[in-house]
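Report on the structure
What follows is the residue order along each chain.
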Amino acid sequence: MRPAFVSVLALVVVGCSANETVVDADAGNSVEGLDDSGNLDPTDGAFGGQPVSPAIAFRRYQVIAVSDGISAGFNLDGLVSADEGSDCGGSDGTASDGTPGIDNGVGRLWTDFYEVLGEPLQSLFQESVSRGGDIPVLAFPAGRPPRFAIARFNGAQVDFDGLLAGYQTFDVEQPDWQIDLVQTDNELMFGPSTVEVHIEVFMFYIPVLIEQFQGALHRGTDGIWRGTVGGLFPTSVLPEALGGVSSLRTGELLLDALTRQADMPEAERGCTRISFAAEVEAVEAFAVLPPSP
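Residues numbered from 1 in each chain as written. Predicted model: local features only at pLDDT ≥ 70, side-chain atom pairs only at ≥ 80, totals over all residues. Heavy atoms only, no water.

**Quick notes on the overall build of the protein**
Within the protein, the secondary structure is distributed over 3 helices and 11 strands. The order of α-helices and β-strands along the protein, N terminus first, is β-β-α-β-β-β-β-β-β-β-α-α-β-β. The burial tally for the protein puts 52% of its 293 residues in the buried class. Taking the contacts inside the protein whose residues are at least 6 apart along the sequence as the reference set, 70% of them involve residues at least 24 apart. (Helix = DSSP H or I, 4+ residues; strand = E, 2+ residues; numbered from the N terminus. Buried < 20%, exposed > 50% of the residue type's maximum accessible area, 1.4 Å probe, protein only. Contact = heavy atoms within 4.5 Å.)

The structure is reproduced here in structure tokens:
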């Protein structure tokens, strides 16, 4: 089974603009043995002696539900929608610090669908990543912009709580996506960018193009990166059979709920996209990237 970097994410803290680039790319990586270009010595690579780049590997996520109008996440469209009768979806959320305009359409319906989708999705992602399946990574190659990609390493190690362990080397699969990023010792903010993520729900495996993908992470004293991710995706990616899943709380079909909460317009197509936000956790790692074209 392949994992799910589910269509429900949000990489916190507003502040990254589309023209931001890496600042001190290997700051905070606590890695010895880097050469002058920022790569590990090729002999340290696990895949044919290729150079290895510092990276972080995502190992856990949890969709953020909107509760009483409060939600972490991002203002993806730069607007503050306060009226239920607005052109798309319902009113925007507000961050816990009072910041308005938070876009999290999935979070507005998540409580109703958590029992049927929440735990399965989160378990599938965690278990698949821990087995070395598809692993979302942010890689920081020397001399190249940061990359978001899906990596694999069959036989990946887990730590004492069953989650993906840090400081392992992963082989990145193509395609990988350039992403804007700013990093200091303990803070990392990236996006907004367009990336592709892999969603697995029950028997469905869905590649989804995520727009406005962005986030912010903070490295704790235990060395684990935690924070929020967010973005938007088209409601049309949902397979018909999955769209027919109904809420155990309200009986509403998932496709109907997504369509009702779709809060992002698309030119001449109406409200066809929906925003999301999620808490994530990542560990420091290394990645072998494909050669530059």
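**Observations regarding the confidence of the model for the protein**
Of the residues in the protein, 80% have a pLDDT of 70 or more, and the chain-wide mean is 80. Within the protein, the element-level pLDDT minimum falls on strand β1 (residues 10-11), averaging 28, and the maximum on strand β9 (residues 225-234), averaging 97. Across residues 1-46 the pLDDT falls below 50, and counting only partners more than four positions away or on other chains, this stretch makes 150 contacts in the model. (pLDDT = per-residue confidence, 0-100.)

**A short note on the pairing of strand β8 (residues 204-219)**
In this sheet, β9 lies alongside β8 in antiparallel orientation, the contact comprising 7 bridges. By the bridge assignment for β9, Gln 214 is matched with Gly 230. The hairpin turn running from β8 into β9, its antiparallel successor, is 5 residues long, and Gly 223 in that turn takes a positive phi close to 85°. (Pairing = 2+ DSSP bridges.)

**Focus on the packing of helix α1 (residues 105-130) against helix α3 (residues 254-261)**
In the contact formed by α1 and α3, the axes pass within 9 Å of each other and the chain directions differ by 165°. As summarised for this structure, α1 and α3 are arranged roughly antiparallel, according to the angle between their axes. Helix-helix and strand crossings are classified by hand; for α1 and α3 the assignment is right-handed. Mapping the contact onto sequence places Gly 105, Arg 108, Leu 109, Phe 113 and Leu 117 in α1 and Leu 254, Ala 257, Leu 258 and Gln 261 in α3. (Axes fitted to C-alpha atoms, helices over the stretch in contact; angles between N-to-C directions. Parallel < 35°, antiparallel > 145°, perpendicular 65-115°, else oblique. Left-handed = near helix turned anticlockwise from the far one by under 90°.)

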